[in-house]
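Here is what each chain is made of, one letter per residue.
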Amino acid sequence: MPKPLFGMVLSLGILLLVAFGSWGGFALFDRLNPPLLGKLSDLSVEVVDHDGALLRAYTNEAGQWRFAAKLDEVDPEFVTILLAYEDKRFWTHGGVDLQAILRASWQLLTNGRIISGASTISMQLARLLEPREKRTFTAKFWQMLRALQLEGRMSKREILTAYLTLAPYGGNLEGVRAASLAYFAKEPKELSLSEAALLVALPQSPEARRPDISPRRALAARNTVLGRMATAGVMPQSEVDRASSKPLAALRHPMPQLAAHAADRMLAEAPDQQRHPTTLDRALQEKMEAVVRDATGSLAPNLSVALVLADGSSGDILAEVGSPDYLSADRSGWIDMTRKMRSPGSALKPFIYGLAFEEGLVQAETLITDSPVNFGGYRPKNFDMGYQGDVSIHDALLMSLNVPAVALLDAVGPARLMERLKRGDVEVSLPKGSDVGLAIGLGGLGITLKDLTQLYTAFVNDGRVKPLRDIPPNGDVASDPRAPLLDQTAVWHVSDILQDATPPEGSGKLAIAYKTGTSYGYRDAWSVGFDGRYVIGVWVGKPDNSAVPGITGRTAAAPILYDAFARTGLTIEAFASAPLGVKRQSFAELPPTQKHFRLSPLWSEASSVPEPAPRISYPPDGAKIELDAMTNGAAMPLIVKLQDGRPPFRWLGNGQVFKANGFKRSISWLPDGQGQSTLTVIDAAGRADSISVFLQRPVPAP
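Residues numbered from 1 in each chain as written. Predicted model: local features only at pLDDT ≥ 70, side-chain atom pairs only at ≥ 80, totals over all residues. Heavy atoms only, no water.

Asker: Requested: an account of the pattern of salt bridges, with residues and values cited.
Answerer: Counted by the stated rule, this structure contains 30 salt bridges. For Asp470, the salt bridge identified is with Arg265, shortest N-O distance 2.3 Å. Separated by 205 residues along the polypeptide, Asp470 in the loop between α18 (449-456) and α19 (488-498) and Arg265 in helix α12 (residues 260-269) bring together distant segments of the chain. Like Arg265, Asp470 is buried. The shortest N-O distance in the salt bridge between Arg420 and Glu419 comes to 3.5 Å. Assessed through its relative accessible area of 34%, Glu419 is described here as partly exposed. (Salt bridge = Lys/Arg side-chain N within 4 Å of Asp/Glu carboxyl O. Helix = DSSP H or I, 4+ residues; strand = E, 2+ residues; numbered from the N terminus. Buried < 20%, exposed > 50% of the residue type's maximum accessible area, 1.4 Å probe, protein only.)

This is how it looks when you write it as structure tokens:
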């Protein structure tokens, strides 16, 4: 068909269409053959922060980036330019603009070529919903028919919104939001004039005008749109000139990929949900991911880092980072280490001390002995294998000494600690075949970083734990009926001590309290810190749970904790004031019962020392010993040797105490005569060993 004739036929077709509608045939067709709207529901899955900002997105089933557009969230200037350029009578026509069709047909007839199009936004939406391979009269007729159907079913705002959701922008980008994020890394409500003009131009020829592939064509198309706006009087010439002078970035930004592990988890839990709201804060999430990523520069390439930042007063997780690099094979970056069970090392000690404060067993300046102890076969040793002797409770917690912590746990009871952990609504795991014992105080159980951070919310809530969540609750949150993890007095005492913790090397002083932990075998390094409101937990280690020689909570995790607090941009909240009548007492102010913490009597006797009981190794029991002859009028003494036991030692010969150096394990014994003699030794723990020997003079030679 010749082109001029095509325009005439097109105009005639419209008139016939109108007539068809007036006959009632259109109504029957509309009922039997409604438009296909399924594409509008095939959208990219979104994970958004607490304000609706996009954290992470997933392509739809067709592999396209397609986001639901919202007119209120699109720059009004963009909408103005779009309608002025594409469909100036959009708000008044019924889906087909007869005036535009007649104009286009006349231009075609008089010029022999297409000068301007006549497709309305409604017709373009119809084409996007029901694509046709060829641009024929029949295809155009169906577009007009579908446009009329859409106008009968949808409001103008709904039609425009649907168009802005499906319009092509090159590659797998569909809709204005996907294009704005990909080409400008911003939401469409933040578009500049030059950016808006480019996005108006792109759908007409999306592949040929892609700025990341054909920047010159994209620039020319943008400037054409701007020029037409100036000619039509839509935009002042001065603004158009400024926008036309703006350079065009020839690149395509990746879609936001924040909170990858949390997003994957939410998608797995609700795969049919298109939009996943969270409690996360996009700005904080970006900062904390940068903190974790930057920290890897000083760590081995196979070490992972995880971090949780929570508002302890509400329980909202504001940022969570499961690994430094989601795609890293060396670090097993796809594993979310905020949710993996690991040994917390010493990170549970504050809760042991809290129970001891709660019971009135100790005060901050109470003295406790740090020395080798055998708790019924369990012999805790300090990290540096040394012992401090008598130290204050304050220093014992800050120095993270193991023996004092286990002694306090023994006093309050391991089962009681476990019961308090359950109050904190956390899950812990014991090694297979293990019972609840004293080892849990030094990390002999498993807990996740998220749950450990949750326990520390007790220190910002007067002892009550706030269950952490990254998904907003539905409706109002009911008050928690559970009893506090610790009472307010205990919480204040522990917080007061932890505020004195020395910052890690190279970190500036911050008004926070924190505790570190290192698991057995150098597998996990932890640090959990808090101010008066916020709690941050950090874990460092290998996802496969293998050892990392030399790693510690203080050297590996604590610097990351301090960096995280410093870079949040949040105002550090003041700690809660001491409860009425509570203060840190000096040693002199303590009552006699709290000046010294004594071990349980169960461990204060023979079992309180790590050494076995004393044993006289020479001479053997029952031995017959010949005494040497007199030398210069004096008998030669018998050399006695001792093994094990705890000095000082007390010696008895035939029931009589005799003088000997109480710290030596080899002494000289001069028996008081021949015959049967008994030798006894008693060590400092009251344990004894005895031997019976028969002493005789050597038989003279014949």
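Asker: Tell me about the sheet that holds strand β20 (residues 675-682), and name the residues and values.
Answerer: With mixed pairing, five strands are arranged side by side in an open sheet as β15-β21-β20-β17-β18. Edge positions in the open sheet fall to β15 (624-626) and β18 (656-657), since each of these has one partner strand only. Inspection of the sheet shows strand β17 (residues 650-653) paired to β20 by four bridges, in the antiparallel sense. Counterpart to Leu652 in the pairing with β20 is Thr680. (Pairing = 2+ DSSP bridges.)

Asker: So what about the packing of aromatic side chains? Which residues, and what values?
Answerer: In this structure the tally under the stated criterion is nine aromatic pairs. Their ring planes at 80° and their centres at 5.4 Å tell us that Tyr514 and Tyr562 sit as a pair that is edge-to-face. Taken together, the positions of Tyr514 in strand β10 (residues 513-518) and Tyr562 in helix α20 (residues 553-567) put the pair 48 residues apart, joining distant regions of the chain. According to the relative accessible area criterion, Tyr514 is buried, its value standing at 4%. An aromatic cluster is defined as three or more aromatic residues linked by ring pairs; in this entry it consists of Phe351, Tyr456, Phe459, Phe530 and Phe575. Directly above the aromatic system of Phe90 lies the positively charged group of Lys156, at a separation of 4.6 Å from the ring centroid. Residue placement shows Lys595 over the ring face of Phe587; its charged tip is 4.5 Å from the ring centre. (Phe/Tyr/Trp six-rings, centres within 6.5 Å; stacked < 30°, edge-to-face > 60°. Lys NZ or Arg CZ within 6 Å of the ring centre and 35° of its normal.)

Asker: Quick one: what's the story with the nonpolar core, residue by residue and with numbers?
Answerer: Ranked by size, the top nonpolar core spans 72 residues in total, and within it Phe351, Tyr353, Leu408, Leu452, Leu455 and Tyr456 carry the most contacts. For this core, the leading source of residues is helix α16 (residues 402-412), giving seven residues. Each residue touching Phe351, except ones within four places of it in the same chain, is listed here: Leu417, Leu455, Tyr456, Phe459, Leu485 and Leu486. Core analysis: the second largest hydrophobic core is formed by 57 residues, Ala57, Val74, Ile81 and Ala179 among them. (Core = buried A, V, L, I, M, F, W, Y, C linked by side-chain atoms within 4.5 Å. Contact = heavy atoms within 4.5 Å.)

Asker: Report on α20, specifying residues and quantitative values.
Answerer: Over its 15 residues, α20 runs 20 Å from end to end, which matches the ideal 21 Å to within 8%, given 1.5 Å per residue. Here α20 has its buried residues at Gly553, Ala556, Ala557, Ala558, Ile560, Leu561, Tyr562, Ala564 and Phe565. Those residues of α20 that are buried lie in contact with α13 (282-295), β6 (304-311), β10, β11 (524-530) and β12 (534-541). Looking one or two places after α20, you find Gly569, whose phi comes out positive at around 80°. (Expected span 1.5 Å × (residues − 1).)

Asker: Residues and numbers for the side chain of Thr516, please.
Answerer: Residue placement: Thr516 occurs in strand β10. A relative accessible area of 17% means that Thr516 is categorised as buried.

Asker: Describe the sheet that holds strand β16 (residues 638-643), and please don't skip the residues or the numbers.
Answerer: Strand order across the open sheet formed by three strands is β14-β16-β19, with antiparallel pairing between neighbours. Because the sheet does not close on itself, it has two edges, and the strands there are β14 (615-618) and β19 (666-669). Strand-to-strand, the axes of this sheet are offset by a mean angle of 40°, without reference to chain direction. Where β16 and β19 come together, four bridges link them in antiparallel fashion. By the bridge assignment for β19, Val640 is matched with Ile667. (Axes fitted to C-alpha atoms, helices over the stretch in contact; angles between N-to-C directions.)

Asker: If you had to explain the confidence of the model for the protein chain to someone new, which residues and values would you point to?
Answerer: Considering every residue of the protein chain, the mean pLDDT works out to 87; 86% of them sit at 70 or more. For the stretch residues 604-609, pLDDT sits under 50, and the model shows 14 contacts to residues farther than four places along the chain or on other chains. Taken as a whole, residues 629-633 scores under 50 in pLDDT and shows three contacts with residues more than four places along the chain or in a different chain. (pLDDT = per-residue confidence, 0-100.)

Asker: An account of α19 is requested, with residue identities and associated values reported.
Answerer: A large share of α19 lies buried, amounting to nine of its eleven residues. All of the buried residues along α19 are Ala490, Val491, Trp492, His493, Val494, Ser495, Asp496, Ile497 and Leu498. For α19, the elements touching its buried residues are α14 (349-359), α15 (393-398), β10 and β11. Structurally, the start of α19 carries an N-cap: the backbone nitrogen of Thr489 is 3.2 Å from a side-chain oxygen of Asp487. (Polar contact = N/O pair within 3.5 Å; in protein donor to acceptor, adjacent residues only side chain to side chain.)

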